[in-house]
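Take a look at the letters that make up each chain.
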Amino acid sequence: LAYGSAACKVLRDHDTLQCKTEPGVGMNFGWLLTVASQDSTRWIAQSNVTRYKTPVLTGIRGAAFDMSTKGAEEFYLEGDYFGPATSTGTSNDEGYQNNVLVEYGRDGCHWFQTPHCVIAKAQVAVLCKTQPGAGHSFSYRITIANQTSVIKPGQGDFMGNYAPPVLFSLRP
């Protein structure tokens, strides 16, 4: 028996299986069991839907703390449960979209979207480029396959900002 390419084993004949999931992202997955070339009906139960863990942010590095107002500077979000390393918008065999959207901003103010992020290191690092803009005291959030990040308690107390304006001269 197999799930994707992961092995399943029978724990109790005709009743109970144990399977290891493949690396992935997303939620609301149903099950289809194939035994001896016979497919079960697809099983989706509201109370027992399979999902991957929601992404967790634990840190930021790179340009996120003193961004150029012109944008296009690289920064990394660090955390866990980001999924396999892939390019934005690619699809796996099961058909889910590994869409990565990173946003930074403040509630009640503008949120900047960085739509071309990639998972640079499986599960733990996402690489993005800043957008043109201005402002300070930004929070960060990441959405992968329709699951939006949580900030781990005691971590993620990071606030990004664009570089402050610099005045070179004054004229009367």
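Worth saying up front: this structure is predicted, and the values here are computed from it rather than measured.

Focus on the pattern of salt bridges
In step 1: Within the structure shown, the criterion is met by three salt bridges.
In step 2: Between Asp15 and Arg12 there is a salt bridge whose closest N-O contact spans 2.2 Å.
In step 3: As a salt-bridge pair, Glu78 and Arg61 come within 2.6 Å of each other at their nearest N and O atoms. With Glu78 in strand β7 (residues 74-80) and Arg61 in strand β6 (residues 56-62), the pair connects residues that are 17 residues apart, well separated along the chain.
In step 4: With a relative accessible area of 42%, Arg61 lands in the partly exposed category.

Considering a nonpolar patch on the surface
In step 1: A grouping of Val10, Leu17, Leu33 and Val35 is seen on the molecular surface, where their side chains present a nonpolar patch of about 290 Å² in accessible area.
In step 2: Tracing the sequence through the fold places Leu17 in strand β3 (residues 16-19).
In step 3: Judged by relative accessible area, Leu17 falls into the partly exposed class, the value being 33%.

Observations concerning the packing of aromatic side chains
In step 1: The final tally for this structure, using the stated rule, is nine aromatic pairs.
In step 2: Measuring from centroid to centroid gives 6.2 Å for Tyr104 and Tyr162, while their planes differ by 50°, and the two rings are tilted. You can see Tyr104 sitting in strand β8 (residues 100-105) and its partner Tyr162 sitting in the segment after β14 (150-151), a full 58 residues away along the chain. We note that Tyr104, like Tyr162, is buried.
In step 3: The structure contains a cluster of three or more aromatic residues connected by ring pairs, namely Phe75, Tyr104, Phe112, Phe138, Tyr140 and Tyr162.
In step 4: Positioned above the aromatic ring of Tyr76, the side-chain terminus of Arg61 is 4.3 Å from the ring centre.
In step 5: In this arrangement the basic side chain of Arg141 is found over the ring face of Trp111, its NZ or CZ atom lying 3.7 Å from the centre.

Some details on the state of the cysteines
In step 1: As enumerated under the stated definition, the model contains two disulfides in all.
In step 2: The disulfide that involves Cys8 links it to Cys19, with 2.0 Å between the sulfurs. Judged by the sign of its S-S torsion, about 115°, the cystine formed by Cys8 and Cys19 is right-handed. Taken as a pair, Cys8 in strand β2 (residues 6-12) and Cys19 in strand β3 lie far apart in primary sequence, eleven residues in all.
In step 3: Given a relative accessible area of 14%, Cys8 falls into the buried group.
In step 4: One disulfide bridge connects Cys117 with Cys128, the sulfur atoms lying 2.1 Å from each other. Of note, the bridge from Cys117 to Cys128 carries an S-S torsion of about 120° and is right-handed in sense. Residue Cys117 is found in the loop between β9 (111-114) and β10 (118-121), and its partner Cys128 is found in strand β11 (residues 125-129); the two are separated by eleven residues along the sequence. Note on accessibility: Cys117 and Cys128 belong to one class, buried.
In step 5: If the cysteines joined by disulfides in the protein are listed in sequence order, their pairing comes out as 1-2, 3-4.

Re the nonpolar core
In step 1: By size, the foremost hydrophobic cluster in this structure holds 23 residues, and its most contacted members are Phe75, Leu77, Val102, Val126, Tyr140 and Ile142.
In step 2: For this core, the elements supplying multiple residues, two or more each, are β6, β7, β8, β11 and β12 (139-144).

Considering the sheet that holds β8
In step 1: One open sheet accounts for four strands, arranged β9-β8-β12-β13; its pairing is antiparallel. The open sheet has two edge strands with one neighbour each: β9 and β13 (147-148).
In step 2: Across four bridges, the pairing between β8 and β9 is antiparallel. Directly across from Val102, in β9, lies its bridge partner Thr114.

Calculation criteria
Residues numbered from 1 in each chain as written. Predicted model: local features only at pLDDT ≥ 70, side-chain atom pairs only at ≥ 80, totals over all residues. Heavy atoms only, no water. Salt bridge = Lys/Arg side-chain N within 4 Å of Asp/Glu carboxyl O. Helix = DSSP H or I, 4+ residues; strand = E, 2+ residues; numbered from the N terminus. Buried < 20%, exposed > 50% of the residue type's maximum accessible area, 1.4 Å probe, protein only. Patch = residues over 30% accessible without salt bridge, like charges linked within 9 Å, V, L, I, M, F, W, Y side chains within 5 Å. Areas by Shrake-Rupley, 256 points an atom, 1.4 Å probe, with all protein chains shown as cover. Phe/Tyr/Trp six-rings, centres within 6.5 Å; stacked < 30°, edge-to-face > 60°. Lys NZ or Arg CZ within 6 Å of the ring centre and 35° of its normal. Disulfide = S-S within 2.5 Å. Core = buried A, V, L, I, M, F, W, Y, C linked by side-chain atoms within 4.5 Å. Pairing = 2+ DSSP bridges.

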